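Residues per chain, in single letters:
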Amino acid sequence: MHTSKPNLDNPHARAAFQKMEPVLCPICGIKPVCFAIDHQGFQLCRCAGCRLEFAHPRPVFEELRSVVYNEEYFPPSLTEWKLDPSRQYQFSRQLRTLQRFSKKRGRLLDVGCGDGSFLAYAQREGWDVTGMDIRLTREARKLSCRMIEGRLGQIDLEPKSFDVIRFNHVLEHTPNPLAELVRSRQLVAENGLIFISVPNLAGLSARIKSFQSRFHLKAHRWRHYAAIHHLWYFTPVSLKALVEKAGLRTLLLETPVLQKSNRGAIGNIFYRFILEKQRCASILDIYGTPRT
Ligand SMILES: [Zn+2]
């Protein structure tokens, strides 16, 4: 058991892990092909069938939990009244869209709730919230709502007991994202919603960094993949394929540009009208519902 978080962003990071496991494509069930080795020594692979990219082989979950997701992983408390404008915009935009589809402020499960700042925000907006994480922080435990420690597949929950399940920058960290979505499909109501937000590896910024990495124009090649914090590297095409494989229908796919105070009004207009409209911003969001 590791007692402290090693610096993963270095050429020796691979050596911090003893036990590695092979990974098959969750959509096609086949072995992927390696296309790069990142600056830390991890193999980045792609499925020849559906083009989904992921780390293979990868450390077993128990090692990831102790090396990566230990007590030091979560940032210090962010209380709701201290939310920066970017997060506030992100939260309100997500809730507005969820409410547009769901027509109500219902029961919401936030998987991978972290410090709980979204839960506090959504609760204040009138949602009935439940938080879940593999390790609950002190801040999250202080919230006046139901909190669950563990993994979605291991917790006994009533089928159809939520109106919304949210995975905000969580799916790319999980060992089996298809299993997470299949389980979520059982846990949401018939017209319920599943919201997923992940980094967009087909975004303009990621494409430029991949080009630089491929042609050795970068000191830390493939660093933008953030292996091994991230096990899966999604694009709009591969995330949509995964969502559909889980028995969900895509209601909306977008690459939202989140407000940043230092960008200025003209910058914001550029980002909104160029990156967001062309679906090549850095974040990828999908709103899905169980297929009937
Ligand atoms: Zn595949």
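Residues numbered from 1 in each chain as written. Predicted model: local features only at pLDDT ≥ 70, side-chain atom pairs only at ≥ 80, totals over all residues. Heavy atoms only, no water.

Draft legend 1. Looking closely at the packing of helix H5 (residues 177-187) against helix H7 (residues 236-245). Packing of H5 against H7 brings their axes to within 9 Å, and their N-to-C directions diverge by 45°. When the axes of H5 and H7 are compared, the pair comes out oblique. For the crossing formed where H5 meets H7, the hand is right-handed. Taking contact as the criterion, the partners of Pro177, Leu178 and Leu181 in H5 are, on H7, Leu242, Val243 and Lys245. Its residues placed into classes, the contact of H5 with H7 shows 5 nonpolar, no polar and 1 charged. (Axes fitted to C-alpha atoms, helices over the stretch in contact; angles between N-to-C directions. Helix = DSSP H or I, 4+ residues; strand = E, 2+ residues; numbered from the N terminus. Parallel < 35°, antiparallel > 145°, perpendicular 65-115°, else oblique. Left-handed = near helix turned anticlockwise from the far one by under 90°. Contact = heavy atoms within 4.5 Å. Nonpolar A, V, L, I, M, F, W, Y, C, P; charged D, E, K, R; others polar.)

Draft legend 2. A look at helix H2 (residues 85-102). For H2, which comprises 18 residues, the first-to-last C-alpha distance of 25 Å matches the rise-based estimate of 26 Å (1.5 Å per residue) to within 8%. Those residues of H2 not exposed but buried are Ser86, Tyr89, Gln90, Phe91, Arg93, Gln94, Leu95, Thr97, Leu98 and Ser102. One or two positions beyond H2, positive phi appears at Lys103, with a value near 65°. (Expected span 1.5 Å × (residues − 1). Buried < 20%, exposed > 50% of the residue type's maximum accessible area, 1.4 Å probe, protein only.)

Draft legend 3. Structural context of the confidence of the model for the chain. With 93% of its residues at a pLDDT of 70 or more, the chain has an overall mean of 90. Within the model, pLDDT remains below 50 along residues 1-6, and this stretch shows 16 contacts once partners closer than five positions in the same chain are excluded. (pLDDT = per-residue confidence, 0-100.)

Draft legend 4. Inspection of the sheet that holds strand S11 (residues 232-233) at higher detail. Across the sheet, which stays open at both edges, the 4 strands sit in the order S2-S3-S4-S11 with antiparallel pairing between neighbours. Looking along the sheet, the strands with just one partner apiece sit at the ends: strand S2 (33-37) and S11. (Pairing = 2+ DSSP bridges.)

Draft legend 5. Region of the structure containing the pairing of strand S13 (residues 283-290). Counting buried residues along S13, 8 of its 8 residues qualify, which places the element largely inside the surrounding structure. On S13, burial covers both faces: Ile283, Asp285, Tyr287 and Thr289 on one face and Leu284, Ile286, Gly288 and Pro290 on the other are all buried. Across 6 bridges, the pairing between strand S10 (residues 188-199) and S13 is antiparallel. Residue pairing in the sheet places Val198 in a bridge with Leu284 of S13. In terms of strand pairing, strand S12 (residues 248-254) meets S13 through 6 bridges, oriented antiparallel. Paired with Leu253 across the bridge in S13 is Ile286.

Draft legend 6. Up close: the environment of Glu158. Structurally, Glu158 can be placed in the loop between strand S8 (146-149) and strand S9 (162-168). Each C-alpha atom of the pair Glu158 and Leu187 lies 6.8 Å from the other, and the pair is 29 residues apart in sequence.

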